[in-house]
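Tertiary structure, described
Residues per chain, in single letters:
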Amino acid sequence: MSSIGDFVDAFVDGVTGSSPPEAAPVPKVTGAPPAAVAATKWTAPDASGDGQFTVHRDVLTSVSRGMHSDVAELDAAIRGVQAASGGLGSLSRWSTGTAFGANVINACHGFRAVGTQATDTQTSAAKGLADTASSYEEAETANRQAISGVGSQLDGAGGSVYTAGGI
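Here the structure is a predicted model, which means the values were calculated and not measured.

1. Considering the overall build of the protein chain
Broken down by element type, the protein chain carries three helices and zero strands. Element order for the protein chain, N to C, with α for helix and β for strand: α-α-α. Buried residues in the protein chain amount to 10% of all 167 residues. Once local pairs closer than 6 in sequence are excluded, the contacts in the protein chain between residues at least 24 apart make up 69%. Approximately 13200 Å² of the protein chain is accessible, and the part contributed by carbon and sulfur atoms is 62%.

Here it is in structure tokens:
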């Protein structure tokens, strides 16, 4: 090191009581960065053939029942809040209580409005799931009947052709 560098080190040692930190060694790169990963492309399944698309009506029906149960719990919570808000009139004898009571009553009305909207929405969605399950059941029944009817006609036509071939 040069005499100036020694002087600087000695000066720093004298002022701070320590030498400046030594520079860390430069890291060495030993390999290339990882290659870019190509994005995967999703394509919808082909539902044109038999067995490509399955609807679990029992799951739709079960979820619908669960949603109806949740609606009943939400209705009970709304009734509980309404019942609790009825006792707030006793706060009117106290000036701060009057303001607090008005705020709580407004909050209760807001909860009731939101709860009613949520109940209506959830009831509608549950009905939609139940209707969908029923529609798929009816469609499958109609398809089975149509296939059975075509099959019986083909069986009858095949017998006629066989009989006619024996002439």
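Here the narrative resumes, following the displayed structure.
2. Digging into the environment of Glu137
Among the structural elements, Glu137 can be located in helix α3 (residues 95-165). A residue is classified by how much of its surface remains accessible, and Glu137, at 34% relative accessible area, is partly exposed.

3. A short note on the pattern of salt bridges
Going through the model one piece at a time under the given rule, you end up with three salt bridges. Note that Glu137 and Arg57 form a salt bridge whose closest N and O atoms lie 2.6 Å from each other. Taken together, the residues span a long stretch of sequence, with Glu137 in helix α3 and Arg57 in helix α2 (residues 57-85) at a distance of 80 residues. One salt bridge connects Glu140 with Arg57, and the closest N-O pair in it is separated by 2.7 Å. With a gap of 83 residues between them, Glu140 in helix α3 and Arg57 in helix α2 connect regions that are remote in the sequence. Since its relative accessible area comes to 29%, Glu140 is described here as partly exposed. Overlapping salt bridges, with partners in common, bring together Arg57, Glu137 and Glu140 in one network.

4. Points about α2
Between its first and last C-alpha atoms α2 spans 42 Å; for 29 residues at 1.5 Å apiece the expected length is 42 Å, and the two agree. Leu60, Ser64, Met67, Val71, Ile78 and Ser85 are the residues of α2 that are buried.

Rules used in this analysis
Residues numbered from 1 in each chain as written. Predicted model: local features only at pLDDT ≥ 70, side-chain atom pairs only at ≥ 80, totals over all residues. Heavy atoms only, no water. Helix = DSSP H or I, 4+ residues; strand = E, 2+ residues; numbered from the N terminus. Buried < 20%, exposed > 50% of the residue type's maximum accessible area, 1.4 Å probe, protein only. Contact = heavy atoms within 4.5 Å. Areas by Shrake-Rupley, 256 points an atom, 1.4 Å probe, with all protein chains shown as cover. Salt bridge = Lys/Arg side-chain N within 4 Å of Asp/Glu carboxyl O. Expected span 1.5 Å × (residues − 1).

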